Amino acid sequence: QVRVVESGGGLVQPGGSLRLSCAASGDNATVNPMILGWYRQAPGKQRELVATMTRMGRTAYTDSVKGRFTISRDNAKNFVYLHMNSLKPEDTAIYYCNARSAIQNVWGQGTQVSVSS
């Protein structure tokens with residue numbers, strides 16, 4: 001069973017940057033084919049996709065973060081990262097790591113990102 005654990009959240013001023021990390025436990029043969037990604041949930045709102053990445057490097061981003069956020073993954077170490085630049089107050093949310101395949105859909109506990117002056 002794959003598990004994912006996030007780290008790297010915190011409080012940052014508008015215009016600042018943060019990097020989130022997610023470690024996926026499990027053997028490479030299981031984790032590597034999975035789509036790894038980040039979702040977020042702001043207070044009073046539904047969870048939404050932020051960015052995903054396949055093992056071959058294909059990415060998808062929600063429109064509101066394009067040009068500001070970059071997703072990357074290390075297939076050897078089973079990590080996925082979210083590099084967030086030019087953060088805005090509306091980016092404030094709990095950010096969740098997700099690992100998905102045809103037979104598993106795994107969520108982390110989430111890490112809080114707060115953007116405020």
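Structure's up top.
Residue numbers run consecutively from 1 along every chain, following the written order of its sequence. Reporting of local features is limited, given that this is a predicted model, to residues whose pLDDT is at least 70; pairs of side-chain atoms are given and counted only at 80 or more, and all residues count toward the totals for whole chains, interfaces and linings. Only hydrogens and water are set aside when side-chain values are computed; all heavy atoms of the structure are taken into account.

Draft legend 1. Layout of the pairing of strand S1 (residues 3-7). Remark: exposure states derive from per-residue accessible area (1.4 Å probe, protein chains only) relative to the maximum for the residue type, with buried under 20%, exposed over 50%, and partly exposed in between. Put simply, DSSP marks the helices as runs of H or I at least four residues long and the strands as runs of E at least two long, and each gets a number from the N terminus on. Going residue by residue along S1, you find Val4 and Glu6 tucked away on one face and Arg3, Val5 and Ser7 left uncovered on the opposite face. When DSSP finds two or more bridges between two strands, those strands count as paired. Bridge count for S1 against strand S3 (residues 18-25) is 5 bridges, and the pairing is antiparallel. Directly across from Val4, in S3, lies its bridge partner Ala24.

Draft legend 2. Up close: the side chain of Gln104. Position of Gln104 among the secondary structure elements: in the loop between strand S9 (93-100) and strand S10 (105-107). Two N or O atoms form a polar contact when they lie within 3.5 Å of each other; inside protein one atom must be a possible hydrogen donor and the other a possible acceptor, and for residues adjacent in sequence the pair counts only when both atoms belong to side chains. Among the polar contacts made by the side chain of Gln104, one reaches the main-chain amide nitrogen of Val2 at a distance of 3.3 Å. For this analysis, residues touch if any pair of their heavy atoms sits within 4.5 Å. Apart from residues lying up to four places away in sequence, Gln104 is in contact with Gln1, Val2, Thr30, Met34 and Ala99.

Draft legend 3. Just the pattern of salt bridges, in detail. Salt bridge, as used here: a side-chain nitrogen of Lys or Arg that lies within 4 Å of a carboxyl oxygen of Asp or Glu. In the structure shown here, the tally under the stated rule is 4 salt bridges. Two residues, Asp91 and Arg40, come together in a salt bridge whose shortest N-O distance is 3.0 Å. Taken together, the positions of Asp91 in the loop between strand S8 (79-84) and S9 and Arg40 in strand S4 (residues 35-41) put the pair 51 residues apart, joining distant regions of the chain. Accessibility expressed as a relative area gives 6% for Arg40, which makes it buried. Among the salt bridges present, the one from Lys66 reaches Asp63, with a minimum N-O distance of 3.0 Å. A single salt-bridge network, built from bridges that share partners, covers Arg40, Glu48, Arg68 and Asp91.

Draft legend 4. Here's a closer look at the environment of Thr59. Its place among the elements puts Thr59 in strand S6 (residues 59-61). Residue Thr59 is classed as partly exposed on the basis of its relative accessible area of 37%. Along the sequence, Thr59 and Thr70 sit 11 residues apart, while their C-alpha atoms lie 9.2 Å from each other. The residues touching Thr59, leaving out its near neighbours within four places in the chain, are Thr52, Met53 and Ile71.

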